[in-house]
Amino acid sequence: MTLISALAWRGFPTFARRARTIPPFPAVMLNEKYTAMIRNDGYFAELTPDNVPNMADVIEPAVLKGNTAVTGMLAPLVIAYGTDLVSEPPKGWADLWDERFTGQLGLYKITNSAATMMAMWAGEHFGSGRDDIETAVAKFKELGPFPQIGYSAQLTPLLSQGQVAVAPIDLGEVKAMQEAGIPIDYVVPEEGMLVFDHSFSVFENSADKRLGFDYINFALSPEIQLSMAENWLIAPTNKTVELPEELQKWPL
C-alpha cells in the first residue's frame, strides 16, 4: 500500500503525464482506482496470452478494459475489532454508526481507495446511490472524531495498541496481528466485503515492454499467487491456484 499512498497525492497528475512519454519503468501496479484515471489516454499496452501467457488462466473479471490491465491481487477488506475492547462485535458496515463505537473507530483517509469505496457504499446505503457524495460526507461527519489513516500499515499499530477498537482493514493485517498474539478478531460485513484490487499494466512507450510483460506473467503465475495467499491472504486471480486446507478458514 505504500506505493499506492505515495501516488495518491497532488503529484499524481505530474507522474502520470511523464509516465506517458518517458515511463520511468516498464510496468506499474496500482489500486484500480488510479489505473482507471489514465487508462483511456493511451498509456498502457494490450495484455494478451501471447505476451503474458498466464493471462489465459485468470478469472474473467480480472481482465480489465481493452486488455490494458489485469487484476493480479485482491486483498479482502474486513472489519477488525479488539476482542478485549469490544463486547458486542459489529455485524456489518452499518454498525459502524452504532453509538457503542463512538470515539473508538479508525478509518482510512479519502485518498485511500478503501475510503472511496466506503463513501460509495454510504451513499448507496443511506442516500440515493453510489454517487450521492453529499449524503456520504454527512454520514461520515457523524462518526467523528476519528483518526484518518493513509494506509493499513499505519492503522495496524492503532489497533494493536488499543488506540482504536474497530476499523476496516486488510484481512492479511488481521492474520499478522493474531500471529503476534494481539487480541484481534474480524467479521465479514453482512452487506458484503469490499476489496483492494491491484491492477498491473505495462507502459506502451516503455523501451523494455518485454520486461514488463515478464514481470506481470511472474505475478500471475500459480506459484506467486499461492505464495501471496499464504503470506498475506491475497485472494488469487489465477483460477488454477488450489488453496491449501489451512487457508480455507479465511474468506479468500
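Described below are features of the structure shown in this document. Just so we're clear, the structure is a prediction, and the values are computed from it rather than from any experiment.

## Quick notes on the pattern of salt bridges
Counted by the stated rule, this structure contains eight salt bridges. In this structure, the salt-bridge partner of Arg130 is Glu124, at a minimum N-O distance of 3.4 Å. Between Asp214 and Arg210 there is a salt bridge, and its shortest N-O distance comes to 3.0 Å. Pair noted here: Asp214 and Arg210 are both in helix α8 (residues 209–220), with a separation of four residues, about one helical turn. Looking at Asp214, the relative accessible area reads 41%, which means it is partly exposed. In this structure Arg210 comes out as partly exposed when scored by relative accessible area, which is 41%. Each member of the salt-bridge network shares a partner with another, and the members are Glu88, Asp98 and Arg100.

## Concerning the nonpolar core
Of all hydrophobic cores here, the largest spans 63 residues; its most connected members are Val70 and Val166. No other element matches the eight residues that strand β2 (residues 70–82) contributes to this core. In this structure, Val28, Tyr34, Phe44 and Phe203 belong to the second largest nonpolar core, which totals seven residues.

## Observations regarding the packing of helix α4 (residues 113–126) against helix α5 (residues 133–142)
Orientation of α4 relative to α5, taken along the N-to-C sense of each, is 100 degrees, at an axis distance of 8 Å. Between α4 and α5, the interaxial angle falls into the category roughly perpendicular. Contact with α4, carried on its side by Met118, Ala119, Ala122, Gly123 and Phe126, involves Thr135, Ala136, Lys139 and Phe140 of α5 and no other residues of that element.

## Some words on unusual backbone geometry
In terms of backbone geometry, most residues other than glycine have negative phi values and most peptide bonds are trans. Residue Pro145 follows Gly144 across a cis peptide bond; omega there is -5 degrees. You will see that Asn67, though not glycine, has its phi angle at about 55 degrees, which is positive. Note that Asn67 resides in the loop between α3 (32–38) and β2. Taking relative accessible area as the criterion, Asn67 reaches 26% and is therefore assigned partly exposed. Positioned with a positive phi, Leu233 is a non-glycine residue whose angle comes to about 55 degrees. Among the structural elements, Leu233 can be located in the segment after α9 (222–232). We classify Leu233 as buried; its relative accessible area is 0%.

## Remarks on the pairing of β2
With 13 of 13 residues buried, β2 is to be regarded as a mostly interior element. Relative to strand β7 (residues 194–202), β2 runs antiparallel, the two being bridged by seven bridges. Each residue of the ladder has a partner; that of Thr71, found in β7, is Ser199. For β2 and strand β5 (residues 166–170), the ladder comprises five bridges, and the chain directions are antiparallel. Bridge pairing in β5 links Ile79 to Pro168. Relative to strand β6 (residues 184–187), β2 runs antiparallel, the two sharing four bridges. Bridge assignment links Ile79 to a residue of β6, and that residue is Val187.

## Description of the environment of Val164
Here Val164 lies in the loop between α6 (152–160) and β5. In this structure, the C-alpha to C-alpha distance between Val164 and Leu233, residues 69 residues apart in sequence, is 23 Å. Once you skip the residues sitting within four places of it in the chain, Val164 turns out to touch Leu85, Gln104, Leu105, Gly106, Pro147, Leu158 and Leu159.

## A short note on α5
Because the α-helix completes a turn every 3.6 residues, residues three or four places apart line up on one side. Taken together, the buried positions of α5 are Ala136, Lys139 and Phe140. Viewed along the axis of α5, the buried residues span an arc of 95 degrees, placing them on a single side of the element. Exposed side of α5, more than 90 degrees from the buried face: Glu134, Val137, Lys141 and Glu142 are the residues found there. If you follow the buried residues of α5, they end up packed against β3 (107–108) and α4.

## Digging into the packing of α8 against α9
Taken N-terminus to C-terminus, the directions of α8 and α9 make an angle of 55 degrees; their axes are 5 Å apart at the nearest point. Classified by the angle their axes make, α8 and α9 are oblique. Residues Phe218, Ala219 and Leu220 of α8 lie in contact with α9, whose contacting residues are Pro222, Ile224, Gln225 and Met228. Split into classes, the residues belonging to the contact of α8 with α9 amount to six nonpolar, one polar and no charged.

What counts, and where the lines are drawn
Residues numbered from 1 in each chain as written. Predicted model: local features only at pLDDT ≥ 70, side-chain atom pairs only at ≥ 80, totals over all residues. Heavy atoms only, no water. Salt bridge = Lys/Arg side-chain N within 4 Å of Asp/Glu carboxyl O. Helix = DSSP H or I, 4+ residues; strand = E, 2+ residues; numbered from the N terminus. Buried < 20%, exposed > 50% of the residue type's maximum accessible area, 1.4 Å probe, protein only. Core = buried A, V, L, I, M, F, W, Y, C linked by side-chain atoms within 4.5 Å. Axes fitted to C-alpha atoms, helices over the stretch in contact; angles between N-to-C directions. Parallel < 35°, antiparallel > 145°, perpendicular 65-115°, else oblique. Contact = heavy atoms within 4.5 Å. Pairing = 2+ DSSP bridges. Arc of directions from axis to C-beta. Nonpolar A, V, L, I, M, F, W, Y, C, P; charged D, E, K, R; others polar.

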